[in-house]
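What follows is the residue order along each chain.
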Amino acid sequence: MEKHWLDYVTAIGAIATPIMVLALTALGWRMRHRLDRRLALEDKLRADRIDTYNQILEPFIILLMSDAAWETDKQNRGRNKNDVAGGKLLSLDYRKQAFKLSLVGSDAVVAAYNNLMQYFYAQGNAASPSSGDPREMMALLGTFLLEIRRSMGNEATKLTNWQMLEWFLTDARTWRDA
């Protein structure tokens, strides 16, 4: 009688093994397909994100550029960098790029950008970011840059928002400690 029971277990095992292998293979293929699709989408979005981030950052780069560096470019001679940056911030193209940022940027980047722009709106004039508390504006800009860095693959970065500014602001540490 015991041998009869063992024959049934062996028969079930012989049938179940190929079915389980087939099911696990299908599951593995589906997971792999989803992962490949997600990675391909991320690669496509990466180029869009880089371009969008560059366009969004351009007015801030102009504002934080030294006057001497601004004047060395022949096309900038006789032009006020604050007016140029303010004009860019208020332009239709900039608004389009900001809209694009809200679609392709990571949640953290969009939130940091929102905080930065809300700071300017609270100042009453988004075209003149040089007014208001420079320390608060620099901290918000540093946070924005840090979130961009994280969204581009450096999630575990140990840098702070102020360290993101030190390479181009000669007095970043002074402002941080103020």
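Summary of the structure given here. Every chain is numbered on its own, with residues counted from 1 as its sequence reads. It should be noted that, the model being predicted, local features are given only for residues of pLDDT at least 70 and side-chain atom pairs only at 80 or more, the latter also being counted only at that level, while totals for whole chains, interfaces and linings use all residues. The side-chain figures draw on all heavy atoms in the structure; neither hydrogens nor water molecules are used.

1. Re the environment of Ser91
Looking at the secondary structure, you find Ser91 in the loop between helix H3 (81–90) and helix H4 (92–104). Residue Ser91 is classed as partly exposed on the basis of its relative accessible area, which comes to 24%. Among the polar contacts made by the side chain of Ser91, one reaches the main-chain carbonyl oxygen of Lys88 at a distance of 2.9 Å. Secondary structure counts use DSSP, requiring at least four H or I residues in a row for a helix and at least two E residues in a row for a strand, with both numbered from the N terminus. The cut-offs for exposure are 20% and 50% of the maximum accessible area for each residue type, with area from a 1.4 Å probe on protein chains only; residues under the lower value are buried, those over the upper are exposed, and the others partly exposed. Distance and chemistry together define a polar contact, namely a pair of N or O atoms within 3.5 Å, with one atom able to donate a hydrogen and the other to accept it when in protein, and with adjacent residues in sequence counting only for side-chain atoms on both sides.

2. Some remarks on the nonpolar core
One finds Phe60, Tyr113, Leu116, Leu141, Phe144 and Leu165 to be the most contacted residues of the largest nonpolar core, which totals 31 residues. For this core, the elements supplying multiple residues, two or more each, are helix H1 (2–64), H4, helix H5 (107–123) and helix H6 (134–151). When residues in this core are grouped by element, the largest group, 9 residues, is from H6. In what follows, a contact means two residues having at least one pair of non-hydrogen atoms within 4.5 Å. If sequence neighbours within four positions are ignored, Phe60 has contacts with Leu89, Tyr94, Leu116, Met117, Phe120 and Leu141. We define a nonpolar core as any set of buried Ala, Val, Leu, Ile, Met, Phe, Trp, Tyr and Cys residues linked to one another through side-chain atoms lying within 4.5 Å.

3. Quick look at the pattern of salt bridges
Criterion for a salt bridge: a side-chain nitrogen of Lys or Arg within 4 Å of a carboxyl oxygen of Asp or Glu. If you walk through the whole model with that rule in mind, you get 7 salt bridges. In this structure, Arg49 and Glu42 form a salt bridge, with 3.5 Å as the shortest nitrogen-oxygen distance. Among the residues examined, Arg49 registers a relative accessible area of 12% and is labelled buried. Here Glu166 and Arg173 are joined by a salt bridge, their closest N and O atoms 3.0 Å apart. With a relative accessible area of 24%, Glu166 lands in the partly exposed category.

4. A look at the packing of H5 against H6
Only the stretch in contact is used when a helix axis is fitted, and all axes are lines through C-alpha atoms; the angle between N-to-C directions ranges over 0 to 180 degrees. Following both chains from N to C, one finds H5 and H6 inclined at 165 degrees, their axes separated by 8 Å at the closest point. For the element pair H5 / H6, the angle class is roughly antiparallel. In the crossing of H5 with H6, the sense of the turn from one axis to the other is left-handed. Residues Ala108, Val109, Ala112, Tyr113, Asn115, Leu116, Tyr119 and Phe120 of H5 touch H6, and the partners they reach there are Pro134, Glu136, Met137, Leu140, Leu141, Thr143, Phe144, Glu147, Ile148 and Ser151. Split by residue class, the contact of H5 with H6 holds 13 nonpolar, 3 polar and 2 charged. For classification purposes, an angle smaller than 35 degrees is called roughly parallel, one larger than 145 roughly antiparallel, one from 65 to 115 roughly perpendicular, and anything else oblique. Here a crossing is taken to be left-handed if its near helix is turned anticlockwise relative to the far helix by less than a right angle, and right-handed if that turn runs clockwise. Residue polarity follows a fixed list, in which Ala, Val, Leu, Ile, Met, Phe, Trp, Tyr, Cys and Pro are nonpolar, Asp, Glu, Lys and Arg are charged, and the others, Gly among them, are polar.

5. Description of H4
Along its 13 residues, H4 runs 18 Å from first to last C-alpha, staying within 8% of the 18 Å computed at 1.5 Å per residue. Considered for burial, the residues of H4 that qualify are Tyr94, Gln97, Ala98, Leu101 and Val104. The buried residues of H4 all sit within an arc of 135 degrees when viewed along its axis, so they share a single face. For H4, the exposed residues lying more than 90 degrees away from the buried face are Leu92, Lys96, Phe99 and Leu103. Under the convention used throughout, the expected extent of a helix is 1.5 Å for every residue step, that is, one less than its residue count. By arc we mean the arc of the directions from the helix axis to the C-beta atoms, nothing more.

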